[in-house]
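Reading the structure
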Protein chains: 2
Amino acid sequence: MADVARMAGVSPTTASFALSGRTDMRISDASRARVLEAAKELGYRPNVTARSLRTKSTQTIGFVSDMITTTPFAGDVIRGALEAAYERDHLLFITEAGGDRAAEASLVHALLDRQVDAVIYAAMFTRYITPPKELYGQRVVLLNCLAPGFDAPSVVPDELQAGRDAARALLAAGHTKGIWAIGGHLAVPASPEGNIAGNERMRGMEEVLRAGGARLDGVIECDWNTQDGYREVSALLAAGHRPRALVCLTDRLSMGAYQALGEAGLSVPGDVSVISFDDQDIAAVLRPALTTMQLPHARLGRLAVELILRQGPLEAAVHRVAMPLQERDSIGTPAAE
Amino acid sequence: MADVARMAGVSPTTASFALSGRTDMRISDASRARVLEAAKELGYRPNVTARSLRTKSTQTIGFVSDMITTTPFAGDVIRGALEAAYERDHLLFITEAGGDRAAEASLVHALLDRQVDAVIYAAMFTRYITPPKELYGQRVVLLNCLAPGFDAPSVVPDELQAGRDAARALLAAGHTKGIWAIGGHLAVPASPEGNIAGNERMRGMEEVLRAGGARLDGVIECDWNTQDGYREVSALLAAGHRPRALVCLTDRLSMGAYQALGEAGLSVPGDVSVISFDDQDIAAVLRPALTTMQLPHARLGRLAVELILRQGPLEAAVHRVAMPLQERDSIGTPAAE
DNA sequence: TTGAAAGCGCTAACAG
DNA sequence: CTGTTAGCGCTTTCAA
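Conventions used here
- Residues numbered from 1 in each chain as written.
- Chains lettered and ligands numbered in written order.
- Predicted model: local features only at pLDDT ≥ 70, side-chain atom pairs only at ≥ 80, totals over all residues.
- Heavy atoms only, no water.
- Helix = DSSP H or I, 4+ residues; strand = E, 2+ residues; numbered from the N terminus.
- Expected span 1.5 Å × (residues − 1).
- Buried < 20%, exposed > 50% of the residue type's maximum accessible area, 1.4 Å probe, protein only.
- Core = buried A, V, L, I, M, F, W, Y, C linked by side-chain atoms within 4.5 Å.
- Contact = heavy atoms within 4.5 Å.
- Near = heavy atom within 4 Å.
- Polar contact = N/O pair within 3.5 Å; in protein donor to acceptor, adjacent residues only side chain to side chain.
- Nonpolar A, V, L, I, M, F, W, Y, C, P; charged D, E, K, R; others polar.
- Pairing = 2+ DSSP bridges.
- Right-handed = clockwise from strand over helix to strand, strands pointing away.

The subject of this paragraph is helix H10 (residues 251-263) of chain A. Residues spaced three or four apart along an α-helix point in a common direction, a consequence of the helix completing one turn every 3.6 residues. All names here are of chain A. For H10, which comprises 13 residues, the first-to-last C-alpha distance of 18 Å matches the rise-based estimate of 18 Å (1.5 Å per residue) to within 8%. Of all 13 residues in H10, eleven are buried; the element is thus mostly enclosed. Of the positions making up H10, those classed as buried are Asp251, Arg252, Leu253, Ser254, Met255, Gly256, Ala257, Tyr258, Gln259, Ala260 and Leu261. Once H10 finishes, glycine 265 follows within two positions and takes phi at roughly 75°, a positive value.

Pasting the structure below:
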C-alpha cells in the first residue's frame, strides 16, 4: 500500500481511505482517482492479515463438525454455508473433529488463535450437544443441534412439520389403513437424549393421521440403514402382514424396503405406497423414484452463516427450516383389499 | 504475550523464544519454566494472525474446487485433506467455485489476500484444466486434475492400473467371453480433452483382457448415470444379447444395470457378473453388494496436503494413487452356455 | 482535505 | 543468556 500511496503522490492514510472507499473522512475525488489508478496499475491487493491485526476482524468463519462426510448430513450443508459466505466476502475454515472431544477442543483453539470472527458448530444428525468450553463467550451458531443453556441460536430442520406433511401426503392419496412406520423413534447411533428427528417425525405424523381419522397399524423400531429396512420389511411380510403404505424414516430404509417388496413380488406404488425422509441421492434414482421429505441441507448451512454475519448480538432462538415434500413416484392410491 | 513476559519477569523476546521452544537462542531453563508457567496461568494463546504478519507463514492452506458436493468426488477428499492438515497443525480454507471462472479467480484472490501458505486446486472428476492465472507462481498442488505446462504436482487416481485390476478380477473368476463394457471412454459432462478416467480404465482393461486371451464383446458408450445404465442394459438384453459379465464404468451405471437385469429376470452374479468403478456409498448397499474399484478419495486429499507441506520446492510430477479392488458379491463364475 | 504518528501482537536482528 | 529496538502492512486518532 505504501507503493500505491507513493505512486499516487499521497500519504498512506489517504491511500487507505481511498481504497476502503470510506466517506466519513472525505478525500478529494482527484486524490481518490489517483490512488485507485495507482492501485490498479500496481495490481495492489490488501493484506487481509495485516488489516485484521488492527481491525480485529478477519472476515473469516470457523466451521466445526463432528463429521462432514457421512450421510445424510454432508456436503450440501457446507455448500450452502460456502455460498452465503462467498456472497458476503467471508471465507470458511472447515474442520472436522470426528467425534473426538480433544480434537474438537484443539480445533476450536486453532480457529480462535487465527482470530475467526465466529464459529459454526455443526452436528451430523440432529441432536443435543454440549459445546466445548472454549466456545463459551464466543460468537457461535449451532447447526443441526441444540444446546439448552448455551447462549446461541440453533438452526435445525423442521422435523415436526415434515412428519405432518408426510402424513398429509398419504391422506391426500387416500391412505387411511394399513400404514406402517419403519424406523420409528429410536434409531441412529445412540444419542443420550433420544433421537430428535425420529421423535418429531413420528409425532407430527401421528398427530395428522389421527386428525384425519387414520392411524398407524404398527411402528417398527430399528436402525436407519438399508439392511434394516430390508430385514424388517421382509419380516413384516413374512409374518403375513400386507401393508398398503410404508412410512420409512430415512431413504436408506426405503431402499431396503424396496428390495424386500420386490422380492415378495409387490410393486411400488401399485401394491404398496412408500413415503420417506431425507431426500438423499438415491431417492431420485430408485425405481420408482422415491417421494420423500427433503432435508434442507444447503438452506441450513446458508442460514447459519446468514445469522452469524448479521449485525448485533445473537439471540438464542431455535430456527426451524422447512423440509419440502419432494414428490416423485412412490405414492399411489391404496391397493384394493 | 506482553502480560506473560511481565508476569514471568522477562522481556518479550525471552518470552517469545521460550514459548516457541526454540533452541538457537538459548534461554535458561529457569526463565523458560517461568514463562511457560505464566503462560499457562494466564491461559495465554498466541495470536497467529500477528505472528503471520512477521513470519509470512499462516499455517493455512486454501482449497479451491469446482464442486465439492457432487458425486463421485466428494467429502472424502476433503476429509483426507483435513486429517493430514490437522496432523500438521494447519487449517484449511475450503472454497467452491461451482465451475465459474470469475468466482474462481475471486476466491483465489480472497485466499491469497489472507496469505495462505499454499493452495490445492481440485477438480470433481479427473480432467485437464487450466489453472486461474492468479495461481501462477504460487505454491499449488493439483488434485484430481492435470495441467501440462503448469509447474505443479498433480495427484490423481491410478485409473489405468484400476482398469487392469478389474480385468484381472474377471479373468480370475473364469470370464473370457460375453464381457460387455457399459460407459466406455466418453461420458461425463463433456471435457474438451476427453475423459481421462474412461480412457484409462478401458485401456488398462483391454490390455489385460487381451493378454489373458479374452476380449470385450462390445463397448456401449453412454453417460455415467443410473438412468443410462438402466436404459443401455435394457436395450442390450432386448437386442437379444446375453452377457456373462458387465464392466460398468461407474457404480451408478451398475445400479441401473442391476435394475435392468432384475427386470429381465437375470440374477447377479448367477447369470451375469458385474464389476464396477468408484465404490460410492450405494456399492455396498446394492443387492448383491457390488464388487468395484475404489476411488481413493481420502488418500488423494491426504496426499495433496502432504505434498504441499513438504519442505522445499514442489516438483511437477504426477502422483498416481492406487485404486484398490473392493471385493464384494457381484462376481461369480461364468454362467453355463 | 490531508498527513504524521502510533500501534495491533508478534518475531528477529543486534547488542549487551 | 537476555533485553532493546525495529518493523511486518495496515487503520485510525489527532493535528494541521
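Having seen the model, we can carry on.
Membership of the largest hydrophobic core comes to 96 residues, with the highest contact counts inside it found for Leu246 and Leu261 of chain A together with Leu246, Val247 and Leu261 of chain B. Those residues in contact with leucine 261 of chain A that lie beyond four places of it in its chain are Val233, Leu237, Leu246, Leu266, Val268, Val272 and Val274 of chain A. In terms of nonpolar packing, the next biggest core, distinct from the first, is built from 48 residues, Leu92, Val305 and Leu314 of chain A together with Val141 of chain B among them.

Turning next to the protein's contact with DNA strand D. Near DNA strand D, the surroundings consist of 27 residues, among which Arg54 of chain A together with Thr13, Ser28, Ser31 and Arg54 of chain B are the closest. Taking the atoms of DNA strand D that fall within 4 Å of the protein, sugar and phosphate contribute 60% of them. Within the side chain of threonine 14 of chain B, one N or O atom sits 2.8 Å away from a phosphate oxygen of DNA strand D. When residues of the surface near DNA strand D are traced back to their parent elements, those giving at least two are helix H2 (12-20) and helix H4 (48-55) of chain A together with helix H2 (12-20) and helix H4 (48-55) of chain B. Considering each element in turn, the surface near DNA strand D owes the most residues, five residues, to H4 of chain A. For the surface near DNA strand D, the residue count by class is eleven nonpolar, nine polar and seven charged.

Take the protein's contact with DNA strand C next. By nearness alone, 26 residues border DNA strand C, and Ser28, Ser31 and Arg54 of chain A together with Met1 and Arg22 of chain B come closest of all. Sugar plus phosphate: this is where 59% of the atoms of DNA strand C within 4 Å of the protein reside. Here asparagine 47 of chain B contributes a backbone N or O atom positioned 2.9 Å from a phosphate oxygen of DNA strand C. The side chain of arginine 51 of chain B places a nitrogen or oxygen atom 2.8 Å from a phosphate oxygen of DNA strand C.

Further remarks concern the pairing of strand S8 (residues 245-248) of chain A. Each regular strand shows side chains that alternate between the opposite faces of the sheet. Residue and element names in this part refer to chain A. Burial of S8 is two-sided: the residues Ala245 and Val247 facing one way and the residues Leu246 and Cys248 facing the other way are all buried. The pairing of strand S6 (residues 179-183) with S8 spans four bridges and is parallel. Each bridged residue has a counterpart across the sheet, and for tryptophan 180 the counterpart in S8 is leucine 246. Sheet topology places S8 next to strand S9 (residues 273-278); three bridges connect them, and they run parallel. Across the sheet, valine 247 pairs through a bridge with isoleucine 275, a residue of S9. Handedness of the crossover is the feature at issue here: the chain leaves S8, passes through H10, returns alongside S9, and the resulting connection is right-handed.

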